[in-house]
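# Remarks on the overall topology
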Amino acid sequence: MPSLTALAPRLLRRARADQIETLFTQWPVATGSMMLGATILMTVMWGTVAPWLFAAWMAAIVLNQAWRLWLVRRYRAAGPGPADRLRWGRAWAIGSMLAGALWGVAGVALFVPGDPGHQALLIVCLFGVILGGINLTAVYRPSLYGFVLPALVPLIARVAIEGDQLHAFIAAVMLVVLAFILGFGHNLNNVLTQSLAIRYENVDLIGELQAQTAAA
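Residues numbered from 1 in each chain as written. Predicted model: local features only at pLDDT ≥ 70, side-chain atom pairs only at ≥ 80, totals over all residues. Heavy atoms only, no water.

### Some points on the side chain of D18
The condition is simple: Numbering of helices and strands runs from the N terminus, with a helix taken as a DSSP run of H or I at least four residues long and a strand as a DSSP run of E at least two residues long. Each residue's exposure class comes from its accessible area (1.4 Å probe, protein chains only) as a fraction of the maximum for that residue type: buried when under 20%, exposed when over 50%, partly exposed otherwise. By definition, residues are in contact when any of their heavy atoms lie within 4.5 Å.
Among the secondary structure elements, D18 is positioned in helix α1 (residues 9-25). Of the residues examined, D18 reaches a relative accessible area of 17% and is grouped as buried. Contact partners of D18, with chain neighbours within four places excluded, come to R85, L196, R199 and Y200.

### Topic: the environment of P80
Structurally, the position occupied by P80 is in the loop between α3 (51-78) and α4 (85-109). Each C-alpha atom of the pair P80 and A17 lies 9.7 Å from the other, and the pair is 63 residues apart in sequence.

### A closer look at the side chain of Q19
Here Q19 shows up in helix α1. Dropping the residues within four chain positions of it, Q19 is found in contact with V139, N189, L192, T193 and L196.

### Here's the deal with the nonpolar core
The cut-off we apply is this: Each nonpolar core is a collection of buried residues, namely Ala, Val, Leu, Ile, Met, Phe, Trp, Tyr and Cys, held together in the definition by side-chain atoms within 4.5 Å.
Counting 38 residues, the largest nonpolar core has L41, W57 and W103 as its most contacted members. If you list the elements that add at least two residues to this core, you get α2 (27-45), α3, α4, α5 (116-132), α7 (141-161) and α8 (165-215). The leading source of residues in this core is α7, at 8 residues. Setting aside anything within four residues of it in sequence, one finds W57 in contact with A38, L41, M42, L102, W103 and A106.

### Some points on the packing of aromatic side chains
Definition in use: Each Phe, Tyr or Trp ring, with Trp reduced to its six-membered ring, pairs with another whose centre is within 6.5 Å; inter-plane angles below 30 degrees give stacked pairs, above 60 give edge-to-face pairs, and intermediate values give tilted ones. Charges are assigned to positions over rings by a cutoff of 6 Å between ring centre and Lys NZ or Arg CZ, combined with an angular limit of 35 degrees from the ring normal.
Taken as a whole and assessed by the stated rule, the structure comprises 7 aromatic pairs. An angle of 20° between the planes, with centres 5.2 Å apart, marks the rings of W46 and F54 as stacked. Both rings, one in F180 and one in F184, keep their centres 6.3 Å apart while their planes meet at 20°; by these two values the pair is stacked. Remark: F184 and F180 occur in helix α8; sequence separation between them is 4 residues, near one turn of the helix. F184 gets classed as partly exposed once you look at its relative accessible area, which sits at 41%. Taken together, F24, Y75, W88 and W92 form an aromatic cluster joined through their ring pairs. In this structure, R68 is placed above the aromatic ring of W92, and the distance from its NZ or CZ to the ring centre is 4.2 Å.

See below:
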């Protein structure tokens, strides 16, 4: 399979336009996984902080998803062509960044010093949310980085701030896992982009062959 740099820019633009279309098509999956993850996190961490903090955080999650629903409806109403989808992709990436930031806030606000059990549950929940949605977030690279980094970096920093050797080791392991997640998502995005671009290249070649055959 050729590298991305070997493919024509027009093919890459068409491939990325298709990726943006996939994001808007799969909006129910993104919202469902977000709400499920938030519900699980609240369930396992209930009692560690004041209820109003959970309520405020969940309200922010719901508001962000409501904004994304509004964005999806506008996208469907506009019916943008491939050349016009880039700005819609940027808007989606902003929503991903906001969602990631909300999970990053949870990673700091729900961290319970001196309670390794709840700390472990928090870490598992946040990494589970990231890994559970990697197939969708990796479809569009700005969405991948915009969601993963704001969600996990604050948690890793909060773990490291504890200062003891065990937490320093845990933070180091989490950094390695974060690098793995970003590398996997990056490579998955490359594979998806190349596959779409090659498909369009083949379609163009078939069209040229048919035109030449008809002219002959």
